[in-house]
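Spelled out from the first residue to the last, the chains are:
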Amino acid sequence: MHVLLVEDDLALVQTLARSMAAGGMSVISCSDGAEALTLARKRLFDVIVLDLGLPGLDGLELLRRLRTSDNFTPVLILTARGAVGERVAGLQAGADDYLPKPFDLDELMARTQAVARRRNASGDWRCGRLRCERTQGTVWCDERPLDLPPREAALLQALIQRAGHAVPRQRLHEAVFADESVGSEALDVVLHRLRRRLAQAQVEIVTLRGVGCVMLEAAPAIAASLADGASLAEGR
Ligand code: CA
């Protein structure tokens, strides 16, 4: 796996590069945003791990320029803990996932691999423990098929095929209700039911106010705490 590591904290770069190399990844690191953009356009990487605060060109602008030039290399952004605005801005700019600093090395490795794997899988859509077959639309949680009501299935498909990217509310509404005339609160009801049903699937459906929703792979700890309140079987 080829990784472009864009980070200007050189001590952090050393630590990360060492762990990634030990985990079998081939790493090129770069501390300047403008140089990183040039590198990302010149070479093919499986994933870019991107710090947002960078000299030369900040990470968010780098990401926007990549995406507007149709470069869809998976990107995992590193953000300051608690900076919700940064995380939302990053996802809107086309990041596939984010990790707040300070982070655990094992989690960084796992998320880097997950982001690359999700994009590389040629067949089915995947997120967390979910897999959705492109052909039949059947949804699996690990090796178990999920029997979802049609509206929840339609919503899940609309979200998982763009996992890591914001899907506009209008598009979700069309996917679920086609041209039925129902109010916009009907979508919230289906969203609520789907969230409960996916409590153990290690995914998180985040609402971006005024934009839409995004499906993310949830950290195992978050998934475990969600599972305390609901189970996959509930609500059937
Ligand atoms: Ca920085």
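Residues numbered from 1 in each chain as written. Predicted model: local features only at pLDDT ≥ 70, side-chain atom pairs only at ≥ 80, totals over all residues. Heavy atoms only, no water.

**Some remarks on the overall build of the protein chain**
A count of helices and strands for the protein chain gives nine helices and 12 strands. Within the protein chain, buried positions represent 46% of all 236 residues. Look at the contacts in the protein chain between residues 6 or more apart in sequence, and 59% of them connect residues 24 or more apart. Carbon together with sulfur atoms contributes 50% to the accessible area of the protein chain, which is approximately 11,400 Å² in total. (Helix = DSSP H or I, 4+ residues; strand = E, 2+ residues; numbered from the N terminus. Buried < 20%, exposed > 50% of the residue type's maximum accessible area, 1.4 Å probe, protein only. Contact = heavy atoms within 4.5 Å. Areas by Shrake-Rupley, 256 points an atom, 1.4 Å probe, with all protein chains shown as cover.)

**A look at the confidence of the model for the protein chain**
With 88% of its residues at a pLDDT of 70 or more, the protein chain has an overall mean of 85. Scored below 50 in pLDDT, residues 229-236 makes 19 contacts in the model with residues more than four places away or belonging to other chains. (pLDDT = per-residue confidence, 0-100.)

**Let's talk about the sheet that holds strand S12 (residues 212-217)**
Pairing in this open sheet of three strands is antiparallel, and the strands run S10-S12-S11 from one edge to the other. Every interior strand has two partners, whereas the edge strands, strand S10 (167-168) and strand S11 (203-208), have only one. Across two bridges, the pairing between S10 and S12 is antiparallel. Looking at S12, one finds that Val167 is bridged to Cys213. (Pairing = 2+ DSSP bridges.)

**A look at the coordination of the calcium ion**
The protein atoms that coordinate the calcium ion are Asp8 (OD), Asp51 (OD) and Gly53 (O), at distances of 2.2 to 2.4 Å. Counting residues between consecutive donors of the calcium ion along the chain gives the motif D-x42-D-x1-G. (Donors = N, O, S within 2.8 Å, 3.2 Å for Na, K, Ca; no water.)

**With respect to the pattern of salt bridges**
One pass over the structure, following the stated rule, counts 11 salt bridges. With its nearest N and O atoms 3.2 Å apart, the salt bridge here joins Arg67 to Asp96. Of the two residues, Arg67 is situated in helix H3 (residues 59-68) and Asp96 in the loop between helix H4 (84-92) and strand S5 (97-101); the sequence distance between them amounts to 29 residues. With respect to class, Arg67 is no different from Asp96; both count as buried. Salt-bridge contacts for Arg169 lead to Asp188; the nearest nitrogen and oxygen are separated by 3.1 Å. (Salt bridge = Lys/Arg side-chain N within 4 Å of Asp/Glu carboxyl O.)

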